[in-house]
Amino acid sequence: DKTRRELASLQIYTVSPFPEDVHPDVSGLPHGGITMNHTVHFRKSLDPVTKAGCTELDEVNINLHIDPLIYIANDMPNESCWFKEVFQHERRHVDADRDIANKYISRFQDALHMIFLTPADYTAGPMQENAMENADNNLHVSVSAALKNVFDQMQLERQDAQAQIDTLQEYQRLTSTCGYPS
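Caption draft 1: Main features of the overall build of the protein. Secondary structure assignment for the protein yields 5 helices and 5 strands. Here the C-alpha radius of gyration of the protein, 24 Å, is well above what a compact globule of 182 residues would show, namely 16 Å. Seen through its principal axes, the protein has C-alpha atoms that stretch 80 × 30 × 30 Å. Of the roughly 11,300 Å² of accessible surface on the protein, 52% is carried by carbon and sulfur atoms. Counting 15 positive and 27 negative side-chain charges, the protein places the centres of these two groups 3 Å from one another.

Caption draft 2: Spatial organisation of unusual backbone geometry. Cis peptide bonds are those with omega within 30 degrees of zero, and the linkage from Gly125 to Pro126 qualifies with 0°. With respect to the helices and strands, Pro126 occurs in strand β5 (residues 123-128). At Lys51, a position not held by glycine, the phi torsion is positive, near 60°. By the element assignment, Lys51 lies in the loop between β2 (34-46) and β3 (52-66). Using a relative accessible area of 41% as the deciding quantity, one classes Lys51 as partly exposed.

Caption draft 3: Looking closely at the environment of Glu157. Along the chain, Glu157 turns up in helix α4 (residues 132-165). Using a relative accessible area of 21% as the deciding quantity, one classes Glu157 as partly exposed. Through-space distance from the C-alpha of Glu157 to that of Ile100 is 7.6 Å; in sequence the pair is 57 residues apart. With residues near it in sequence (within four places) discarded, Glu157 still touches Ile100, Lys103, Tyr104 and Arg107.

Caption draft 4: Just a nonpolar patch on the surface, in detail. A surface patch of nonpolar side chains, amounting to about 320 Å² of accessible area, comprises Met114, Ile115 and Leu117. The residue Met114 is located in helix α2 (residues 81-115) in this model. Relative accessible area serves as the criterion here: at 59%, Met114 is assigned to the exposed category.

Caption draft 5: The arrangement of the sheet that holds β3 in detail. Strand order in the open sheet made by the 3 strands is β2-β3-β5, with antiparallel pairing throughout. Single-partner strands in this sheet number two, and they are β2 and β5. Adjacent strand axes in the sheet meet at a mean angle of 30° when their direction is disregarded. Bridge count for β3 against β5 is 4 bridges, and the pairing is antiparallel. Paired with Glu56 across the bridge in β5 is Thr123. Against the sheet, α2 makes contact with β2 and β3, and its axis sits at roughly 170° relative to β3, the strand it touches most. Contacts from α4 reach β2, β3 and β5, with the element oriented near 160° to β2.

Caption draft 6: Looking closely at helix α5 (residues 168-178). Among the residues making up α5, those that are buried are Glu170, Leu174 and Cys178. All buried residues of α5 lie within an arc of 50° about the axis, which places them on one face of the element. Across from the buried face of α5, at angles greater than 90 degrees, the exposed residues are Gln169, Gln172 and Ser176. Immediately downstream of α5, the backbone of Gly179 shows phi near 80°, a positive value.

Caption draft 7: Focus on the pattern of salt bridges. Under the definition given, this model contains 13 salt bridges. Among the ionic pairs, Asp136 bridges to Lys44, the shortest N-O distance being 2.0 Å. Taken as a pair, Asp136 in helix α4 and Lys44 in strand β2 lie far apart in primary sequence, 92 residues in all. On the basis of relative accessibility, which here comes to 46%, the residue Lys44 falls in the partly exposed class.

Caption draft 8: Quick peek at the packing of aromatic side chains. Enumeration according to the criterion identifies 2 aromatic pairs in this entry. Between Phe83 and Phe87, the ring centres sit 6.5 Å apart and the planes meet at 0°, which makes this aromatic pair stacked. With Phe83 and Phe87 both in helix α2 and 4 residues apart, the pair spans about one turn of that helix. If you follow Arg107 out to its NZ or CZ, it ends over the ring of Tyr104, 4.6 Å from the centre.

Rules and cut-offs
- Residues numbered from 1 in each chain as written.
- Predicted model: local features only at pLDDT ≥ 70, side-chain atom pairs only at ≥ 80, totals over all residues.
- Heavy atoms only, no water.
- Helix = DSSP H or I, 4+ residues; strand = E, 2+ residues; numbered from the N terminus.
- Rg over C-alpha atoms; globule rule 2.2 N^0.38 Å.
- Areas by Shrake-Rupley, 256 points an atom, 1.4 Å probe, with all protein chains shown as cover.
- Lys, Arg positive; Asp, Glu negative; His and termini not counted.
- Charge placed at Lys NZ, Arg CZ, Asp CG, Glu CD.
- Buried < 20%, exposed > 50% of the residue type's maximum accessible area, 1.4 Å probe, protein only.
- Contact = heavy atoms within 4.5 Å.
- Patch = residues over 30% accessible without salt bridge, like charges linked within 9 Å, V, L, I, M, F, W, Y side chains within 5 Å.
- Salt bridge = Lys/Arg side-chain N within 4 Å of Asp/Glu carboxyl O.
- Pairing = 2+ DSSP bridges.
- Axes fitted to C-alpha atoms, helices over the stretch in contact; angles between N-to-C directions.
- Arc of directions from axis to C-beta.
- Phe/Tyr/Trp six-rings, centres within 6.5 Å; stacked < 30°, edge-to-face > 60°.
- Lys NZ or Arg CZ within 6 Å of the ring centre and 35° of its normal.

Below, the structure written as structure tokens:
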């Protein structure tokens, strides 16, 4: 429940199409974004006599999370043209995030397949038991770096997709559809 002035003061993730000296009236905005986390699981085998063992990357779980929240200025009556149009505009931002996340699911998988082409890429050993944790950490670092690279690419594409929604033409369309907000 925020006023237009409060909405204008919030941090937004899109780039304004307006010149820096123009401060438009903010009737709505999306808040949230896409986050990623991952977990890595290893399978180990250890010879009880020699205490030598092997470690193998067993599973990588990648979670993309979209946490959409749409703010509409509290002085917009729910059934008004402005409320409906601003809500639809903000929904386009949320839909763009979903589309980008869905598009990138396979790219995260592809990145992992590229760094783990052969068993030698995702296994280590034989080695002494006390060296296995270091080998696991090295594999985990490789996974994290590959996923971060894809996530950074996804965020750049997301910025471009969001900018395609927030255009001067779109704001002119809103105004021509509903008139100037009161």
